[in-house]
Amino acid sequence: MEESEGGPIAEDVRRRILSMLAQGALRPGSRLGTEREMAEQFDVSRSTLRSALLPLSRAGVLERRTGRNGGTFVRADVVERNAAELAGLPARLRSGGHTSATRVLATDRRAATPAEAAALEITTAEEVFAIRRLRFADGVPLSVDFSCFIAEQVVDLLEQPLGGSIYELLAVRYGLSPATSTEMIEVVSASPREAEWLGIANKRPLVAITRVTHDSSDRPFEYAYDLFRADRVRLTATTSTVTSRERRGTDGRVERSVSSA
């Protein structure tokens, strides 16, 4: 049997939900609950509730998710991000009309791993600052960002406020500004810990971006690995300012690296 948009009772529920959105009681990413919880909240049957939600889902206002963390959610806007862009995420979100927030998950000072040393053109005996942060757009988790910086270039970085744009902090305090960036982009599955941070189900797709950023002297100063919710980010590239190269990786997949100057 096809789903129905219902009658006046379903219409009243729709109006109440839209009123909650207009008043800010519900925000992008807010969870309304399961069908049973919502039917009790609005004092209607579950069939009437489904009828009330159907037009809102079709219009893209709400989305239904299954699984342990499922339910009905206010749909969050997709964030557009340019491939190999040189602006920090807060600036990108502001330009797109989104709010931004950051939670620092962990910081560390330690010897560079072989991968970090190769990317930053240092030895494994040299130290890096490692910073992991959870980034929010419109109050909803967007990405988990991991960045490494050469410790001797930014000696007191971990003593600085890390809740905003690190690029702005690097430029003001250490004279380090991004001039070029090379990114490798792939799709991976969320681990249980990443899923918990991002508020999604385990093994949901994530857009993984590995980035090396160089200064105006072509010296690398950042090695990063960012994980974006695949349902919340759209990547774009402009051919007039972006060059790309393809090669076959060790696992047989074709790798495409995108650079921007």
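- As recorded by an unreviewed UniProt entry, the protein carries the name Transcriptional regulator and is attributed to Mycolicibacterium anyangense.

1. Examining the overall build of the protein
Here comes step 1: The helix and strand inventory of the protein stands at seven helices and 13 strands.
Here comes step 2: Counting across all 261 residues of the protein, residues that qualify as buried make up 43%.
Here comes step 3: Summed over its atoms, the accessible surface of the protein is roughly 13800 Å², and 48% of this surface lies on carbon and sulfur atoms.

2. Quick notes on the sheet that holds strand β2 (residues 62–65)
Here comes step 1: Taken in spatial order, the three strands line up as β1-β3-β2 in an open sheet, and their pairing is antiparallel. The open sheet is flanked by β1 (31–33) and β2, the only strands paired with a single partner. Pairwise comparison of adjacent strand axes, ignoring direction, gives a mean angle of 30 degrees for this sheet.
Here comes step 2: Pairing geometry for β2 and strand β3 (residues 71–74), over four bridges, is antiparallel. Opposite Arg65, over in β3, you have Gly71 as the bridge partner.
Here comes step 3: Contacts from helix α3 (residues 46–58) reach β2 and β3, with the element oriented near 115 degrees to β2.

3. Let's talk about α3
Here comes step 1: Taking 1.5 Å of rise per residue, 13 residues should cover 18 Å, and α3 covers 18 Å from first to last C-alpha, within 8% of that figure.
Here comes step 2: For α3, the set of buried residues is Leu49, Ser51, Ala52, Leu53, Leu54, Pro55 and Leu56.
Here comes step 3: Close packing links the buried residues of α3 with α1 (8–22), α2 (35–42), β2 and β3.

4. So, α1
Here comes step 1: Taking 1.5 Å of rise per residue, 15 residues should cover 21 Å, and α1 covers 21 Å from first to last C-alpha, within 8% of that figure.
Here comes step 2: Within α1 the residues assigned to the buried category are Ala10, Val13, Arg14 and Ile17. Summarising the axial view, the buried residues of α1 lie within an arc of 100 degrees, below the 170-degree limit, and thus occupy one face. What points out from α1, more than 90 degrees from its buried face, is the exposed set Pro8, Ile9, Arg15 and Ala22.
Here comes step 3: Summarising the contacts, the buried residues of α1 are in contact with β1, α2 and α3.

5. Notes on the nonpolar core
Here comes step 1: The biggest cluster of nonpolar side chains holds 15 residues, and the ones touching the most others in it are Val13, Ile17, Leu32, Phe42 and Leu49.
Here comes step 2: It is α3 that provides the largest number of residues to this core, a total of four residues.
Here comes step 3: Every residue in contact with Leu49, bar those within four places of it in the chain, is listed here: Val13, Glu35, Met38, Ala39, Phe42 and Val44.
Here comes step 4: With 14 residues, the next largest nonpolar core counts Ile131, Ile166, Leu169 and Leu176 among its residues.

6. Looking at the side chain of Gln160
Here comes step 1: Inspection of the secondary structure puts Gln160 in the loop between β7 (140–150) and α6 (166–174).
Here comes step 2: According to the relative accessible area criterion, Gln160 is buried, its value standing at 17%.
Here comes step 3: Side-chain polar atoms of Gln160 contact the side chain of Asp156, separated by 3.2 Å.
Here comes step 4: Setting aside chain neighbours within four positions, we find Gln160 in contact with Leu169, Arg173 and Tyr174.

7. Looking at unusual backbone geometry
Here comes step 1: Despite not being glycine, Glu121 has its phi angle at roughly 60 degrees, a positive value.
Here comes step 2: Located in the positive-phi region is Lys203, a residue other than glycine, with phi close to 70 degrees.
Here comes step 3: Note that Lys203 resides in the loop between α7 (192–198) and β9 (205–214).
Here comes step 4: Taking the relative accessible area as the measure of exposure, Lys203 reaches 63% and is therefore exposed.

8. A closer look at the packing of α2 against α3
Here comes step 1: It is at 9 Å that the axes of α2 and α3 come closest, and there the two elements cross at 95 degrees. The orientation of α2 relative to α3 falls into the category roughly perpendicular. Counted together, Glu35, Arg36, Met38, Ala39 and Phe42 of α2 and Arg46, Leu49, Arg50 and Leu53 of α3 form the full contact between these two elements.
Here comes step 2: Of the residues that constitute the contact of α2 with α3, the class distribution is five nonpolar, no polar and four charged.

Calculation rules
- Residues numbered from 1 in each chain as written.
- Predicted model: local features only at pLDDT ≥ 70, side-chain atom pairs only at ≥ 80, totals over all residues.
- Heavy atoms only, no water.
- Helix = DSSP H or I, 4+ residues; strand = E, 2+ residues; numbered from the N terminus.
- Buried < 20%, exposed > 50% of the residue type's maximum accessible area, 1.4 Å probe, protein only.
- Areas by Shrake-Rupley, 256 points an atom, 1.4 Å probe, with all protein chains shown as cover.
- Pairing = 2+ DSSP bridges.
- Axes fitted to C-alpha atoms, helices over the stretch in contact; angles between N-to-C directions.
- Contact = heavy atoms within 4.5 Å.
- Expected span 1.5 Å × (residues − 1).
- Arc of directions from axis to C-beta.
- Core = buried A, V, L, I, M, F, W, Y, C linked by side-chain atoms within 4.5 Å.
- Polar contact = N/O pair within 3.5 Å; in protein donor to acceptor, adjacent residues only side chain to side chain.
- Parallel < 35°, antiparallel > 145°, perpendicular 65-115°, else oblique.
- Nonpolar A, V, L, I, M, F, W, Y, C, P; charged D, E, K, R; others polar.

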